[in-house]
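# Survey of secondary and tertiary structure
Spelled out from the first residue to the last, the chains are:
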Amino acid sequence: MSESTFGSYGGQYVPEALMPALEELEDAYERYVLENEDGFVDEFRERMRDFGGRPTPLQRADRLSERYDSEIYLKREDLVHGGAHKLNNALGQVLLAKYMGKERIIAETGAGQHGTATAMAAAHLDMPCEIYMGRTDVNRQRPNVYRMRMNGAEVNPVEAGRGTLKEAINETMRDWATTVETTHYVIGSVVGPHPFPTMVRDFQSVIGEEAREQIRGQAGRLPDSVVACAGGGSNTMGAFHAFVDDEDVSLYAVEAGGSSLEIDEREGVAPNSATLSTGTDGVLHGAMTKLLQSGDGQIVESHSVSAGLDYAGVGPELSHLVETGRVTPVNVDDEAALNAFHRLSRLEGIIPALESAHALGHVEEAHEDLGDLVVVNVSGRGDKDLETVLEETEKRDLGAAPDVEVFDS
Amino acid sequence: MNTDSEIERAIRENHPALITYLTAGDPSLEETKAYVEALDRGGADLIELGLPFSEPIAEGPTIQAAINRALEAGTTPERFFELVDDLEVEAPLLVMTYYNMILQYGSGAEPRSAERDATEPQNGPDPEPFVERAAETGLAGIIVPDLPAEEAAPLRAACDERGLDLVFIVAPTTNGERLDRIMSQASGFAYVQARLGTTGARADVSSATHDSLARLEEYDVPKAVGFGVSEGEHAREIVEAGADGVIVGSALIDIVAESETPVADLEAKACELKGGAERGANAPEPEQP
Ligand SMILES: Cc1ncc(COP(=O)(O)O)c(C=O)c1O
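## What to know about the packing of helix α5 (residues 113–124) of chain A against helix α7 (residues 142–150) of chain A
Any two packed helices are characterised by how steeply their axes cross, that is the angle between the axes, and by the distance between the axes. Residues and elements named next belong to chain A. Between α5 and α7, the shortest axis-to-axis distance is 9 Å and the interhelical angle comes to 15°. For the element pair α5 / α7, the angle class is roughly parallel. Our pair here, α5 against α7, has a crossing hand that is left-handed. In this structure, α5 contributes Gln113, Gly115, Thr116, Ala119 and Met120 to the contact, and α7 contributes Asn144, Arg147 and Met148. Residues of the contact of α5 with α7, tallied by class, amount to 3 nonpolar, 4 polar and 1 charged.

Here is the structure:
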């Protein structure tokens, strides 16, 4: 049986009704994903190539390299079908559900990136699909709601709480507790009960495997650092996993610093999502991990300008790797992320997701500490974020922002 | 394991038992006190009190709303324990809450800031202080909907040390091997989940209830059925099917949320449910097919 914990993190803190499903999933994961039973892995790779567009390039960023006087390489997950790394996991899990004989797919989504990836994968593999999405997120991510509907998925708005990712996960778990016998829950990051954190990491680890080969081919050696943003941490673990045993490669997980790192305990709000840097240990959504919580144990509302990083928990394996010192947690605030978004767009002709812009923001702030050869994971493209970026840019005086006053008002 | 279980005794002596659930602090702790006393008068043999947690994943809309009201009213673990300390009822009391609330109590885990002093004492999550305080206030047991048997060892140990029961849930999906593992750890009673899904009042008794009770027959632990029970008739049918008790929550919370005279109505509802359960126990033995 696979290990259910990473040091003191992880585990299976879920209602009893779900435990048999987790056992079944663990068994399927071991047989199909680890042992390639019935050629699962071959089919997955083939579909990720033909449908998903893998492998993605590792591209030298010429202007950034010049700016920082070092070699900066971008892992272009923004070029995966759907515009983010999310499909690596969504397609893997929907295919696995099919091998397991499940009849229906459910998933949560925050920004809508995982929801759209799951809806695409479900349409591609002809599976019925329902997505839970907080009411606030539904209203602020309309294009993704339309994309999911176009691919034939139901989108169920969740009215509870503040109506963001945390509530969407709660509601998806409730659906699963009701329909578990026929339904697979495609969780969207390296979070949740075992075996999800391990399995999602394995589906995403293609990012680092490719990047490791590519950088050796293109730069002739392993990088000094790998930098990736971290919400739940799936692009992060995906980028890091192949490098964990390379002790000379530093690994930086960049969280959303939001507008401030302090928690307002009375309001139950953290104006950030810097779980790895500021969180404390506890249990949320099936796992022991680092959390943004009050002293009493209530989970607080997180914040980030980027919806995909806006989560009060983080994957248990990342908590463990931070605790053991292998991964260094850092954070970048809203403003620095917005500047990095504009900078990459302007200098390299790549509009990054706001999530990925946090990783790039860290390179801007700390390039002197990152060594001469750096791999940055561009986890997604930023088309989905244009409206937010325009709105947030208007509120601020951003050095890197262009003038967009071209329309008649 | 708790060999002298106050909970098991309460169920056996008052067989068939009525077990009621309310969320503490909904809409205020003072009102909860009056409601619990009403349920006690009406015939409740065991009373579960929910300590509200912000992410109640096992709960349907009714109890979710109750938890929101309780949190908005400022219900904290400490105030919860003060309420329990204050209550004078005959029925033993259990706390129902999510595992994170148990782990954080007394852990000294303050939310940190980036400039925190890394040498600050952090005890880390530990169930022991919660159980100690629970025992001190006279609580007889604990139910944790997001703690399966696999993860229960630390809480089990703390409960054993203080003589508290740790009640486990058996679901319709729980199969043979898991059932043995759960029942070997169970104390007080086995919480038989009547159907898949979340808590919430339903109009009928599910067939899964009958199946579950049949599978549990060989285990010598009292069985109480919850999830969806809302009427005296349900209580009758469930007890007739072999349960030692019924657990009712959402139907009572509907009264808390909607009634103009909640105290009287809760007492009357408890009376109806207890009456139903008793009719089930007095029914003639079903003919063996
Ligand atoms: C482009 C992109 N990057 C990163 C994330 C954060 O998720 P994770 O930390 O699991 O990679 C998201 C989530 O929606 C995303 O869309």
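Still more ground to cover, so stick around.
## Considerations on the confidence of the model for chain B
Residues and elements named next belong to chain B. With 92% of its residues at a pLDDT of at least 70, chain B reaches an overall mean of 92. Below a pLDDT of 50 lies the segment residues 112–119, which in the model reaches 12 contacts outside its immediate sequence neighbourhood of four places, other chains included. With pTM at 0.95, the complex prediction returns an ipTM value of 0.95.

## As for the domain arrangement of chain A
Residues and elements named next belong to chain A. The assigned domain composition of chain A is domain 1 (8–50 + 86–200) and domain 2 (58–83 + 205–394). Each of domain 1 and domain 2 was reduced to a C-alpha centroid, and the two centroids are 22 Å apart. Contacts between domain 1 and domain 2 engage 34 residues on the former and 35 residues on the latter. Both sides together, the interface formed by domain 1 and domain 2 hides about 2800 Å², and carbon and sulfur atoms give 58% of it. The largest per-residue losses of area from domain 1 upon contact with domain 2 belong to Tyr9, Tyr13 and Lys166, which jointly make up 26% of the total buried on that side. Across the contact surface, domain 1 and domain 2 share 4 salt bridges. Glu301 is the salt-bridge partner of Lys166, the closest N and O atoms lying 3.5 Å from each other. Taken together, the connections running from domain 1 to domain 2 amount to 11 residue pairs in polar contact (both at pLDDT 80 or more). Those elements giving two or more residues to the side of domain 1 that touches domain 2 turn out to be β2 (9–13), α4 (86–99), α5, α7, α8 (165–179) and α9 (196–204). Residues of the side of domain 1 that touches domain 2, tallied by class, amount to 15 nonpolar, 13 polar and 6 charged.

## A short note on the site of the ligand
Residues and elements named next belong to chain A. Looking at the ligand, there are 18 residues lining it, with Ser189, Gly231, Gly233, Ser234 and Ser379 nearest. His85 places a side-chain nitrogen or oxygen 3.0 Å from an oxygen atom of the ligand. Gly231 is positioned such that a nitrogen or oxygen atom in its backbone is 2.7 Å from an oxygen atom of the ligand. Within the complex, 97% of the 390 Å² of free accessible area of the ligand lies under protein. Looking at the shell around the ligand, its residues break down into 5 nonpolar, 11 polar and 2 charged. Structurally, the shell around the ligand is a two-domain feature, drawing no fewer than three residues from each of domain 1 (8–50 + 86–200) and domain 2 (58–83 + 205–394).

Rules of the game
Residues numbered from 1 in each chain as written. Chains lettered and ligands numbered in written order. Predicted model: local features only at pLDDT ≥ 70, side-chain atom pairs only at ≥ 80, totals over all residues. Heavy atoms only, no water. Axes fitted to C-alpha atoms, helices over the stretch in contact; angles between N-to-C directions. Helix = DSSP H or I, 4+ residues; strand = E, 2+ residues; numbered from the N terminus. Parallel < 35°, antiparallel > 145°, perpendicular 65-115°, else oblique. Left-handed = near helix turned anticlockwise from the far one by under 90°. Contact = heavy atoms within 4.5 Å. Nonpolar A, V, L, I, M, F, W, Y, C, P; charged D, E, K, R; others polar. pLDDT = per-residue confidence, 0-100. Domains from an automatic or database assignment. Buried area = accessible area lost by both parts, 1.4 Å probe. Salt bridge = Lys/Arg side-chain N within 4 Å of Asp/Glu carboxyl O. Polar contact = N/O pair within 3.5 Å; in protein donor to acceptor, adjacent residues only side chain to side chain. Near = heavy atom within 4 Å. Areas by Shrake-Rupley, 256 points an atom, 1.4 Å probe, with all protein chains shown as cover.

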